[in-house]
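Commentary on secondary and tertiary structure
What follows is the residue order along each chain.
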Amino acid sequence: MSIHKVMVIGAGQMGSGIAQVCAMSGYEVLLHDLKEEYVEKGLGTIIKNLSRQVEKGKMAARDKEATLSRLTSSTDLKNAAGVDLVIEAAIENMEIKTKLFAELDEITPKHVILASNTSSLPITEIAAATRRPEKVIGMHFMNPVPVMKLVEIIRGLATTDEVYKKVEKMAESLNKVPVEVNDFPGFVSNRILMPMINEAIYTLYEGVATKEAIDDVMKLGMNHPMGPLTLADFIGLDTCLYIMETLHQGLGDDKYRPCPLLRKYVKAGWLGKKSGRGFYEYN
Ligand code: CAA
């Protein structure tokens, strides 16, 4: 069965970005969240992004309207009964995800593929909450989703080749580049990125240099588009901490120990750009 209709669960930064690229590529999309106001906020971000593209002359106004016409809001998970693919981009919490996947397994017809956009949680464990582990897979998009080309596609222990190929093709249809990885903590992207960010935080914590200097070194010296502390603020410091804890726990090596300064900032509610303050201040 081919994929026409997609449900994206979670209308936050990642979910709304995924919904946007799916709708832009011709899929019918249900953007789902717990409350109407969350979905409205996600749709508002999409409208803003598309309008900016139109203003810049990079998208025709009629394409914007066509994209928006393919987006429908949902607050009832039972709507998943009518889709071919679910992409879950809810909060990074194993209990919530397994409960969600067990419910989706009940609601959706047998052919439906259940994908998770988790940034570091084991796909195999999420899959074990369903009776179709062969149809559960990771589709890890990068932030900002409309801009970044990569989709890390993570095979769970039981994911079949057929499901993998279908999801790979789907990712290509979004004008993304799929990369295959196996199911280990942090996959490839966050296993490499997060220790670098954590080390940048240690560098600040130990007084090696100022935050601006650390970011400048990596931006100007390594050609990174953003310095690691700016990037951490952009991703969200709570997310960075959560991923470091997953790496530390899952791989067992102390080299993944989250920096105490990162813990302190998260405890203070300094979560980065989204909360108005992280390593930098935002207004
Ligand atoms: N949503 C949609 N589009 C956006 C955007 C957003 N949030 N932010 C920027 N853009 C678009 C702009 O509209 C612009 O589009 P056009 O080229 O069509 O005009 C383009 O991106 C470039 O934007 P800017 O000129 O404003 O800014 P920039 O050149 O500094 O680029 C950036 C911004 C793309 C975010 C760039 O700084 C960058 O690549 N940063 C690193 C991002 C990164 O590393 N992401 C991965 C994070 S890790 C992750 O996501 C995984 C995880 O599990 C934690």
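Residues numbered from 1 in each chain as written. Predicted model: local features only at pLDDT ≥ 70, side-chain atom pairs only at ≥ 80, totals over all residues. Heavy atoms only, no water.

Description of the packing of aromatic side chains
- Under the criterion given, the structure shown has three aromatic pairs.
- Arranged with centres 4.9 Å apart and planes meeting at 35°, the rings of Tyr265 and Phe279 form a pair that is tilted. Of this pair, Tyr265 sits in helix H11 (residues 260–268) while Phe279 is found in the segment after H11, placing the two residues 14 residues apart along the sequence.
- Given a relative accessible area of 15%, Tyr265 falls into the buried group.
- In this structure Phe279 comes out as buried when scored by relative accessible area, which is 5%. (Phe/Tyr/Trp six-rings, centres within 6.5 Å; stacked < 30°, edge-to-face > 60°. Helix = DSSP H or I, 4+ residues; strand = E, 2+ residues; numbered from the N terminus. Buried < 20%, exposed > 50% of the residue type's maximum accessible area, 1.4 Å probe, protein only.)

Quick notes on the UniProt feature "domain: 3-hydroxyacyl-CoA dehydrogenase C-terminal" (unreviewed entry) in the protein
- This chain's UniProt record puts "domain: 3-hydroxyacyl-CoA dehydrogenase C-terminal" (unreviewed entry) on residues 186–282.
- End C-alpha atoms of residues 186–282 are separated by 28 Å, and the span's content is 63% helix alongside 0% strand. (UniProt positions renumbered as here; feature names shortened; annotations may be inferred.)

Details of the pattern of salt bridges
- Applying the stated rule across the entire model yields 14 salt bridges.
- The salt bridge involving Lys97 is made with Glu88; its shortest N-O contact spans 2.6 Å. With respect to burial, Lys97 and Glu88 carry one shared label: buried.
- Notably, a salt bridge pairs Glu103 with Lys99, separated by 3.5 Å at the nearest N-O pair. (Salt bridge = Lys/Arg side-chain N within 4 Å of Asp/Glu carboxyl O.)

Digging into unusual backbone geometry
- Cis geometry is found at the peptide bond from Asn143 to Pro144, where omega equals 0°.
- With respect to the secondary-structure elements, Pro144 resides in the loop between strand S6 (136–141) and strand S7 (150–155).
- With a phi close to 55°, Phe187 is a non-glycine residue in the positive phi region.
- Tracing the backbone shows Phe187 in the loop between strand S8 (177–182) and helix H7 (189–205).
- Here Asn223, not a glycine, exhibits a phi torsion of approximately 60°, which is positive.

Notes on the packing of H7 against H11
- The contact between H7 and H11 brings their axes to 8 Å, and the two run at 90°. If you check the angle between H7 and H11, you find them roughly perpendicular. Taken together, the residues of H11 that come into contact with H7 (itself represented by Asn198, Ile201, Tyr202, Leu204 and Tyr205) are Pro260, Leu261 and Leu262.
- A per-class count over the contact of H7 with H11 returns seven nonpolar, one polar and no charged. (Axes fitted to C-alpha atoms, helices over the stretch in contact; angles between N-to-C directions. Parallel < 35°, antiparallel > 145°, perpendicular 65-115°, else oblique. Contact = heavy atoms within 4.5 Å. Nonpolar A, V, L, I, M, F, W, Y, C, P; charged D, E, K, R; others polar.)

Section: the UniProt feature "binding site: NAD(+)" (unreviewed entry) in the protein
- When the UniProt feature table is mapped onto this chain, "binding site: NAD(+)" (unreviewed entry) is found at Gly10, Ala11, Gly12, Gln13, Met14, Gly15, Asp33, Glu92, Lys97, Ser119, Asn143 and Lys274. Spatial dispersion of the annotated residues is evident: they stretch over 265 residues in sequence, and the largest pairwise C-alpha distance comes to 22.7 Å.
- By the element assignment, Lys97 lies in helix H4 (residues 94–107).
- Discounting residues that sit within four places of it in the chain, Lys97 has contacts with Glu88, Ala90, Ile91, Glu92, Ser116, Thr118, Leu121 and Ile126.
- Positionally, Lys274 belongs in the segment after H11.
- Ignoring any residue separated from it by four or fewer positions in sequence, one finds Lys274 in contact with Gly236, Asp238 and Thr239.
- Polar side-chain contacts of Lys274 include one of 2.8 Å to the side chain of Asp238. (Polar contact = N/O pair within 3.5 Å; in protein donor to acceptor, adjacent residues only side chain to side chain.)

Points about helix H2 (residues 36–55)
- Between the first and last C-alpha of H2 there are 28 Å, a value that for 20 residues agrees with the 28 Å anticipated at 1.5 Å per step.
- Residues Val39, Gly42, Leu43, Ile46, Asn49, Leu50 and Ser51 constitute the buried set of H2.
- Once H2 ends, the next one or two residues include Gly57, with phi positive near 75°. (Expected span 1.5 Å × (residues − 1).)

Digging into the site of the ligand
- Near the ligand you find 19 residues, and of these Lys56, Lys58, His140, Asn143 and Asn190 are the closest.
- Between an oxygen atom of the ligand and a side-chain N or O atom of Lys56, the distance comes to 2.6 Å.
- A distance of 2.8 Å separates an oxygen atom of the ligand from a polar side-chain atom of His140.
- Protein burial of the ligand: of its 1,000 Å² of free accessible surface, 65% is covered by the chains.
- Elements with a contribution of two residues or more to the shell around the ligand: H2, H7 and helix H9 (228–235).
- Among the elements that line the shell around the ligand, the one with the most residues is H2, at three residues.
- A per-class count over the shell around the ligand returns ten nonpolar, six polar and three charged. (Near = heavy atom within 4 Å. Areas by Shrake-Rupley, 256 points an atom, 1.4 Å probe, with all protein chains shown as cover.)

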